[in-house]
Every structure is written in C-alpha cells, then in structure tokens.
Amino acid sequence: LLSNCQEFFAQFGQYRNTGGPPLLGGGGGGSGEEKKASSINRSGHQHIAQFIEDFADEQNHYMVLELCNGGDFFAFVQKHRGISNQTMCGKFFVQLLSAVSHMHRLGLYHLDLSLEQMMISESSSSSSSSSSSPSSNQPDRELKLIDFGMTRFRLNSNKQSSSSSSSSSSPSDEDKKHTSSSSSSSSSSALFPGTNLGKPGYKPPEMWQKRPFDGEKVDVFCMGVILALMSLGWPPFQTSLHKEYFLVARGKLRGLMGRYGLHRQADAYTNSGLLDLITRMLAEDFTKRPTLAQIIEHPWVARYGAGPLLNELKSNYQQKKQQSSPEKKSDKSDMEVDDAAATQKSPASPAAAEGGGGPT
C-alpha cells in the first residue's frame, strides 16, 4: 500500500500547510463527528487507535492515526475460523472491554462496535513470524478500537429525558415499560431517543424497533455478538430479528452448535461459562443485560481474561463504586463502633471461576 501511494505521501507537506478548511487541532474546525473521533483518539488509551495529526486539501479532510499493521480483527477471526483457544479469546475480549470501559468513563457510547471496528497492532517479532497459528506470539498482538462516527455523548438524566420526550409525543406502553425498568437498573445512564444505528448483524432489538435505548446496553449487546463470532468463527444468527437470535437469547446456543456437530466445543464452552456470558449479553430485554462492571466479574472473564489489564479494570470500577456511594461510607464508619457487627457484615469473596472446558 505504501509503495503505491508514494505520489500521495510526497505531497504531505504541501497539503498540511494549505490554509484550507479549519483542522481538528484548531479552535473550532471540523465537524461534530470529526471532533468526537479526535477527542477519543487523543485520550491516550492503549487499545484505542491514537490520533496523530490531520490535514486538508481543497476537497478532503484527512486524519492520520497510528499504524495498525496487523489488519482488521474481522479478517483475523475469519482467517483462523474463530478463536477456539479460550485463553486467547479472553485476552482479546478484555482488551475490547478496556477500550469500551474507557469510552464510557469519558461519557461516550460507541454504538457501532463490530469485528471490523477493531484493528490489530503487531510488534516486529510477531509480524515477521511465519507461523499460521492464531495463538503464536499472542502477547505481541493488541486490539485497537477505531471509527467513532456513531458515537453519542452521555447527557445528564434531565436532558436526555426531555430530549426523549420531545422526540416522541406519545410513547407506547412498551417504551414506558422499558424506560421505567431501565431507570432502576441503570441509574447513571438515561435513555436516548429511539433511532436506527449500527450494522444489521450487531444491532439489538430495541434499535430495530427504534425504541429508546441505553447506550451502555447497546455496546454490551454488540460485544456479545463480537464474543460469539470470536469464539465460534461463524455468526449464530443473521440479525436480532431472526428466529436463531431468539434461540440464542433464550439459552439455546448449545443446541444450535449441536446442529453443526460441534458437541465437544459446545461442552467446553458450557463448562467454562462462555455460553452463559454470551447469552446474558444478548438478552432481548436490554434491562436484563449485564453492565460492564458485571461482565468484568463474570467467572469466564475472571478465568480466561486474567491479567494486569483485567485487574486495572476491576480497580477502576471499584473506585467508581466507592466514589458514587458516599452514603455507604458513612454507614461503614457508623459500624466501626461495633467491630463484631462490622465483621459480620463484611462482603463475601467473589465466586471462583467455573471449572472445566479449557482451550480446545
């Protein structure tokens, strides 16, 4: 690619200083979507492709991101027909979790997560390797999240509620039911007005129906599809409108795998808890999907995604939990008067990871 673009790159300097349209680095230049991409890419996260610079000519506005020399993640998964090694699958999934969690902490929802929206960055040692195994040189491969064109900023509850109500003067009973149940399950994330975003194969039911949606739970659904594609190597359903989706959402993914003779793999994924996690993330009712904090604590993630990155994620969410519940801190200080009572009310340790079903 570089050898075929020498003429273009030879004009880099000329384009960079053309005094054309205002650039992202300037005070007010660039469209809203471009500014979102720039702010996210500049955020300095290990698993988000970094923004380097931008420039313009008379017709186009260019953004330069860091080089991701391993290609897109879709091609990687397709080439290896899925990642049946659950340890490798877990490492990649935690990298995605880390990037999405970082966006949510910034008050941003991606809303278009897919295998194609992740690039692979390889070190020189892994990119020069002749091995065809997806697990070889795995520590040298890193996922980089890209493409923030559909990203939405999280607004406060009052603003989102007024925006949602103004966009639909007479919400249906179904919308009211989901809105009220969501307020109890996700207090920090008000609903966005219904819209039709995302790729067909990754879109949750509420997006197809243009119902009010929870940004975090849309990203969770997309990650559930990604996890299924990563581990299986094939899509268990075309879209969330098809009958195969409802089988998966109701815990029948193991039976679906059995149709294709994948009994051993289905047993391994069941024993490890992977199918349970996928089923939960793909729940039809978005209020029943787990939050990112709950996904991080899932036994499958704890076992197959274990490492410094997962520990950092857990620490971040623990700090957030402590900061968001000052009243619990005061309760704890009151209990310190009675050491015995405090000991009795100490939280139990997290459940151990489910056994069985190692990497195949």
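In the block above lies the structure referred to throughout.
Residues numbered from 1 in each chain as written. Predicted model: local features only at pLDDT ≥ 70, side-chain atom pairs only at ≥ 80, totals over all residues. Heavy atoms only, no water.

> Describe in detail the overall build of the protein, supporting the description with residues and values.
Within the protein, the regular secondary structure consists of 19 helices and six strands. Looking at the protein as a whole, 42% of its 360 residues qualify as buried. Nonlocal contacts in the protein, meaning residues at least 24 apart in sequence, comprise 70% of its contacts between residues at least 6 apart. For the protein, the computed accessible surface area is about 18,300 Å², with 50% contributed by carbon and sulfur atoms. (Helix = DSSP H or I, 4+ residues; strand = E, 2+ residues; numbered from the N terminus. Buried < 20%, exposed > 50% of the residue type's maximum accessible area, 1.4 Å probe, protein only. Contact = heavy atoms within 4.5 Å. Areas by Shrake-Rupley, 256 points an atom, 1.4 Å probe, with all protein chains shown as cover.)

> Before we move on, can you summarise the nonpolar core with the specific residues and values?
Nonpolar side chains in soluble globular proteins generally cluster together in the buried interior. Counting residues in hydrophobic clusters, the biggest one holds 69 residues, and the most contacted among them are Phe73, Phe93 and Met223. If we ignore the near neighbours within four places in the chain, the residues touching Phe73 are Ile83, Phe92, Leu115, Met118, Ile120, Leu143 and Met230. (Core = buried A, V, L, I, M, F, W, Y, C linked by side-chain atoms within 4.5 Å.)

> Explain the packing of aromatic side chains to me, using residue names and the numbers behind them.
Following the criterion strictly, the structure yields twelve aromatic pairs and no others. Look at Phe55 and Tyr62: their rings are 5.0 Å apart centre to centre, the planes differ by 25°, and that puts the pair in the stacked class. When the ring of Tyr245 is compared with that of Phe246, the centres are 5.2 Å apart and the planes differ by 65°; the resulting orientation is edge-to-face. When its relative accessible area of 22% is taken as the criterion, Phe246 is described as partly exposed. One aromatic cluster is present, built from ring pairs that chain together Phe221, Phe237, Tyr245 and Phe246. One cation-aromatic arrangement involves Lys203 over Trp208; the distance from NZ or CZ to the ring centre is 3.9 Å. (Phe/Tyr/Trp six-rings, centres within 6.5 Å; stacked < 30°, edge-to-face > 60°. Lys NZ or Arg CZ within 6 Å of the ring centre and 35° of its normal.)

> Describe the packing of helix 5 (residues 86–105) against helix 17 (residues 308–324), listing the residues and the values that go with them.
For any two helices packed against each other, the geometry is given by the interaxial angle and the distance between the axes. With their axes 10 Å apart at the nearest point, helix 5 and helix 17 run at an angle of 30° to one another. Viewed along their axes, helix 5 and helix 17 adopt a mutual orientation that is roughly parallel. As for how helix 5 packs across helix 17, the hand of that crossing is left-handed. Only Leu309, Leu310, Leu313, Asn316 and Tyr317 of helix 17 make contact with helix 5, whose side of the interface consists of Val94, Gln95, Leu97, Ser98, Ser101 and Arg105. Class assignment of the residues belonging to the contact of helix 5 with helix 17 gives a composition of six nonpolar, four polar and one charged. (Axes fitted to C-alpha atoms, helices over the stretch in contact; angles between N-to-C directions. Parallel < 35°, antiparallel > 145°, perpendicular 65-115°, else oblique. Left-handed = near helix turned anticlockwise from the far one by under 90°. Nonpolar A, V, L, I, M, F, W, Y, C, P; charged D, E, K, R; others polar.)

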